[in-house]
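Notes for the structure review
The chain contents come next:
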Amino acid sequence: MKIMKILVFNSGSSSLKFQLFVKADLSVLASGLIEQIGDLKSAAKLSFVDSSGLLARELKRSDPVADHREAIKVMAEMLRESGTLVDSGELAGIGHRVVHGGEAFHEPVLIDEIVIADIEELIPLAPLHNPANLMGIRVAMEHVPQISQVAVFDTAFHQSIPEHAYLYALPYSLYEKKKVRRYGFHGTSHSYVARQAALYLDRPLNELNIITLHLGNGASAAAIRGGKSIDTSMGLTPLEGLIKGTRSGDLDPAILFYLGRESGLDMDALDTLLNKESGLKGICGENDMRTISEAADRGDSRARLALTMFCYRLQKYIGAYMAALGGADCIVFTGGIGENSATVRQLSCQGLERLGLTLDQEKNRIRQKEILEIQAADSRVSLLVIPTDEEYEIASQTLQVINKLMAS
Ligand code: ADP
């Protein structure tokens, strides 16, 4: 019998990340990444690994991959060669990560021309991401038009946030005319780890108040009541909220007027400043938390300051979301930093004992791939480290859409 499969795409402006799952149990068959697409001067970088780990490859093509159309062919070749996907007839569906779904999308949807037009319309809200995501969708639809394709949005999970939390205190007409509001991102990760937390705690998700902290190069927090997001730290764009690798997170918006007037910075320069030159990098010159932690351990005062600022901001959001939720049952750390940095977890929980949150220092230092429980015995709030898996979540949501389609 033919084993049916689900393919997940995460298409960036110059990269194509993919993962292949078995439809029946969503086990991973293969995953890969094609980078430097469109860079005609250098060879594309390919990496590919199949589930046995036997076929792990870091391939360097001697020639460039001109565009996403060619990238998809290269991917199909790698899958075919590895024997993990020999024929497109084995595909039950393709799931595409789409960053911005605006207010149009509350859940994953089957892609058709109308959906494509809607995603296109949202480009002004995500000018870097949505066009890249669309490119992946278009070439995949061209390549295998007979296969059901599903869009899974980063913003969709946060569409449950109530009006009083998603609106900015700006003239209401800006929301009506320009759709200026909080959307939030990392939705697939927040929803995945919240569900995993409920399974781990063996309690119904709809009875839990959970704060999820997705801390990677980008970082965001979410307050989740009964499985629904009621607030999140990223806003109209991923800039707001926590301090990130190169992004400032929250600041006084008047800083922009001040810098515009005093330093003559125009809009583009301000955009670059806040998105690319600020955050951890702005404070200590480094944006990678591992490097920063090592420098802080060696006594580098700026690195220590950057680390302290990152954790202090995080702590303020934990406090805010405990208030928003009226108390939390569980706090989840995820993302590259959340999953790996015992220091960040320790500093951000430090001093919150009165809020019912006590870390067990020993447990916090354990490193393991599985879910790790790190609260002390007397902590009222569970503290969990849960590895995120956005590709799995996209595959799972894609499957739900396909199953619904088959049932109707
Ligand atoms: P992205 O948002 O790009 O998916 P990741 O979730 O992979 O990023 O997170 C990347 C971040 O995780 C980097 O800042 C990296 O330094 C950090 N990180 C990874 N491992 C560790 C570690 N052992 N200690 C501290 N930080 C780590």
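Below you will find a few notes about this structure. (Residues numbered from 1 in each chain as written. Predicted model: local features only at pLDDT ≥ 70, side-chain atom pairs only at ≥ 80, totals over all residues. Heavy atoms only, no water.)

Our focus in this paragraph is the overall build of the protein. A count of helical and extended segments in the protein gives 15 helices and 14 strands. By principal-axis analysis of the C-alpha atoms, the protein measures approximately 60 × 55 × 45 Å. For the protein, the proportion of its 408 residues judged to be buried stands at 50%. The contacts of the protein with a sequence gap of at least 6 include a subset with a gap of at least 24, amounting to 62%. (Helix = DSSP H or I, 4+ residues; strand = E, 2+ residues; numbered from the N terminus. Buried < 20%, exposed > 50% of the residue type's maximum accessible area, 1.4 Å probe, protein only. Contact = heavy atoms within 4.5 Å.)

Tracing the sequence through the fold places Ser148 in the loop between α3 (129-143) and β8 (149-153). Linking Ser148 and Ala66, residues 82 residues apart in sequence, is a C-alpha distance of 26 Å. Residues within four places of Ser148 in sequence aside, it is in contact with Ala92, Gly93, Ile94, Leu110, Ile402 and Leu405.

Below, the discussion takes up the pattern of salt bridges. Scanning the model with the defined rule gives eleven salt bridges in all. For Arg69, the salt bridge identified is with Glu142, shortest N-O distance 2.8 Å. With Arg69 in helix α1 (residues 68-82) and Glu142 in helix α3, the pair connects residues that are 73 residues apart, well separated along the chain. We note a salt bridge from Glu103 to Lys179, for which the minimum N-O separation is 3.2 Å. With Glu103 in the loop between β6 (91-98) and β7 (109-110) and Lys179 in the loop between α5 (172-178) and α6 (187-201), the pair connects residues that are 76 residues apart, well separated along the chain. Salt bridges sharing partners connect three or more residues here, namely Glu103, Lys179 and Arg181. (Salt bridge = Lys/Arg side-chain N within 4 Å of Asp/Glu carboxyl O.)

Spatially, β11-β10-β9-β12-β14-β13 is the arrangement adopted by the six strands of the open sheet, whose pairing is mixed. Looking at the sheet topology across the chains shown, the edges are occupied by β11 (228-232) and β13 (372-373). Pairing of strand β10 (residues 219-225) with β11 involves four bridges; the strand directions are antiparallel. By the bridge assignment for β11, Ala222 is matched with Thr232. In the packing of helix α11 (residues 301-325) onto the sheet, contacts are made with β9 (209-215), β10, β11 and β12 (330-334), and the angle to β9 comes to roughly 160°. (Pairing = 2+ DSSP bridges. Axes fitted to C-alpha atoms, helices over the stretch in contact; angles between N-to-C directions.)

A few words on the site of the ligand. Close contacts around the ligand come from Gly216, Asn217, Gly218, Asp288, Met289, Arg290, Gly335, Gly336, Ile337, Asn340, Ser341 and Arg367, and that covers them all. Between the ligand and Arg290, the relevant distance is 3.0 Å, taken from an oxygen atom to a main-chain nitrogen or oxygen of the residue. Backbone polar atom of Ile337 to an oxygen atom of the ligand: 3.3 Å apart, as the coordinates give it. Protein contact buries 71% of the 580 Å² of open area that the ligand shows by itself. When residues of the shell around the ligand are traced back to their parent elements, those giving at least two are α10 (289-297) and α12 (335-340). (Near = heavy atom within 4 Å. Polar contact = N/O pair within 3.5 Å; in protein donor to acceptor, adjacent residues only side chain to side chain. Areas by Shrake-Rupley, 256 points an atom, 1.4 Å probe, with all protein chains shown as cover.)

Judged by nonpolar contacts, the single largest core of 40 residues is most densely connected at Ile211, Leu213, Leu215, Phe310, Ile331 and Val344. Put simply, the parts of the chain that give this core at least two residues each are β9, β10, α9 (279-284), α10, α11, β12, α13 (342-349) and β14 (382-385). Leaving out residues up to four positions away in the same chain, Phe310 has contacts with Leu215, Ile243, Leu280, Met289, Ile337 and Val344. The next biggest cluster of nonpolar side chains, apart from the first, holds 27 residues, and it includes Ile37, Leu46, Phe48 and Val139. (Core = buried A, V, L, I, M, F, W, Y, C linked by side-chain atoms within 4.5 Å.)

A separate point is the packing of α1 against α3. α3 packs onto α1 with a crossing angle of 60° between their chain directions and a minimal axis gap of 9 Å. If you check the angle between α1 and α3, you find them oblique. As α1 packs across α3, the resulting crossing turns out to be right-handed. Each of His68, Arg69, Ile72, Lys73 and Ala76 in α1 lies in contact with α3, whose residues at this interface are Met135, Val139, Ala140, Glu142 and His143. (Parallel < 35°, antiparallel > 145°, perpendicular 65-115°, else oblique. Left-handed = near helix turned anticlockwise from the far one by under 90°.)

Looking at where Gln397 falls in the secondary structure, it is placed in helix α15 (residues 390-407). A polar contact is formed between the side chain of Gln397 and the side chain of Glu393, at a distance of 2.7 Å. With sequence-adjacent residues up to four places away left out, Gln397 is seen in contact with Pro108, Val152, Thr188 and Ser191.

In short, geometric facts, not functional conclusions.
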